[in-house]
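One-letter residues, chain by chain:
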Amino acid sequence: MVHLEQAQPEQLQELLAFAEEAFRTPEGKVDFPTLLPKLYGPGADSAPLHTVLYEDGAPAGLYCLKIQDFNIAGTALRVGGIGTVCVDGRSRGKGHLALLMQDAQERMQAAGCDIAMLGGQRQRYGYFGFDQAATQLSFTVSRANLRHKEVSTQGIRLVPLDEHPEYLPQCRTLAAAQEVEARREDFAQVLHTWDSAGWVLLKDGEFLGYASISDRKTRVQELALTDYDQALPAVFAIVEFCGQDVEVQPTWEQRALIRALNSVAEGGNIYTSEMINVLNYPRVIEAYLGLKARHEQLLDGRMVIEVRETGRFDIRVEGGNVRVTETACEPDVSLSHREMMRYLFSPAAAPLHRTALEKSWLPIPVTIPHADLV
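Residues numbered from 1 in each chain as written. Predicted model: local features only at pLDDT ≥ 70, side-chain atom pairs only at ≥ 80, totals over all residues. Heavy atoms only, no water.

Asks: Would you take a moment to explain the overall build of the protein chain for this structure?
Replies: Secondary structure assignment for the protein chain yields 13 helices and 19 strands. The C-alpha atoms of the protein chain give a radius of gyration of 22 Å, which matches the 21 Å a tight globule of 374 residues would have. If one aligns the C-alpha atoms of the protein chain with their principal axes, the spans along those axes are about 65 × 55 × 35 Å. The buried share of the protein chain, reckoned over its 374 residues, is 54%. When contacts within the protein chain are restricted to residue pairs at least 6 apart in sequence, those whose partners lie at least 24 apart make up 71%. Here the protein chain displays about 17100 Å² of accessible surface, and carbon together with sulfur accounts for 46% of that area. (Helix = DSSP H or I, 4+ residues; strand = E, 2+ residues; numbered from the N terminus. Rg over C-alpha atoms; globule rule 2.2 N^0.38 Å. Buried < 20%, exposed > 50% of the residue type's maximum accessible area, 1.4 Å probe, protein only. Contact = heavy atoms within 4.5 Å. Areas by Shrake-Rupley, 256 points an atom, 1.4 Å probe, with all protein chains shown as cover.)

Asks: What is the right way to read the side chain of Glu20 from this model?
Replies: Along the chain, the position of Glu20 falls in helix H1 (residues 12-22). Aside from chain neighbours lying at most four places away, what touches Glu20 is Lys29, Val30, Phe32 and Pro33.

Asks: Just checking my understanding: could you explain the pattern of salt bridges for this structure?
Replies: Opposite charge on two side chains makes pairing possible when the charged atoms of those side chains draw close. Throughout the structure, instances matching the rule amount to 18 salt bridges. Residue Glu339 is joined to Arg308 by a salt bridge in which the shortest nitrogen-to-oxygen separation is 4.0 Å. Residue Glu339 is found in helix H12 (residues 337-345), and its partner Arg308 is found in the loop between strand S16 (301-307) and strand S17 (311-318); the two are separated by 31 residues along the sequence. Overall, Glu339 belongs to the partly exposed group, its relative accessible area being 32%. Between Arg316 and Asp314 there is a salt bridge, with the nearest N and O atoms lying 3.1 Å from each other. Looking at Arg316, the relative accessible area reads 41%, which means it is partly exposed. Salt bridges linked by common partners bring Arg122, Asp131, Arg338 and Arg342 together as one network. (Salt bridge = Lys/Arg side-chain N within 4 Å of Asp/Glu carboxyl O.)

Written out as structure tokens, the structure reads:
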């Protein structure tokens, strides 16, 4: 007998123990409270975000669904973040994962989600409509880069946000000013996501920005500044603080930061990160193609796409304005759902685009800050 139940608040430690055992590897168990303190750390009340699958009265699987509202360059988008998906090793092969993912899909549709995101093995979650199509940028800045560039870091220092909560209002205001921004109820806790912590950057004692830096001091998963003329001094101050090569991960729209990093970094990459499942094509295209239009002069034009499982959509760009509507017109491009996501959004598909319109519009950069992933 198999059934699903929403977890109760008093079950959080039981869920945590189940997930740690399910994700255990020969190297040991996953430290979820450190990895995702916003869900599993001290004081977390995330149990109701979890759905548990019971088999004959005993837990046999679970998943977490955190629904978040995002502002994408002025367009509201509802994002379903799925994580901690696991099935007891003794229960695998019985279709339990399919039941969990179907339940998550139904809950996201009922909540009006426009897009879903998760991390996981590509083929496994491809059966449930997900594919690799989100965009991530990464630059590696080394101490050698610092030595060969005459940039002064004098006056810049980093202080831990946890120990200096007086800077929290300024951090929140700066985060809210970003073009891709989520409503973060516990801002400082969110910056701890993925073995990281929040740090405040000060320039001559004045607030310059904040960063989310990994505990091992190897990665900056988020960096926001009040003055991007100070981007290179800020990045080099972080490298000095970390004492080693650092991977900086700007979001696609942080053009001033990307320009600064591109001028000095040892290496840079654009790659697919999280897997996505587009649930509402018009809203997702309008949001992210609209974001692109704020930074690039897109060609005016029209394209009709057909997502074979979903329908046909008329995409129009005129004077930088993007509008997407359902249509019965003959499509210019007809693809399956997963093929269409790769065609529209994947940075790896860029060499496959042929027409001037495709090269102008595509790929559409779907970007979500790492700290907001589940």
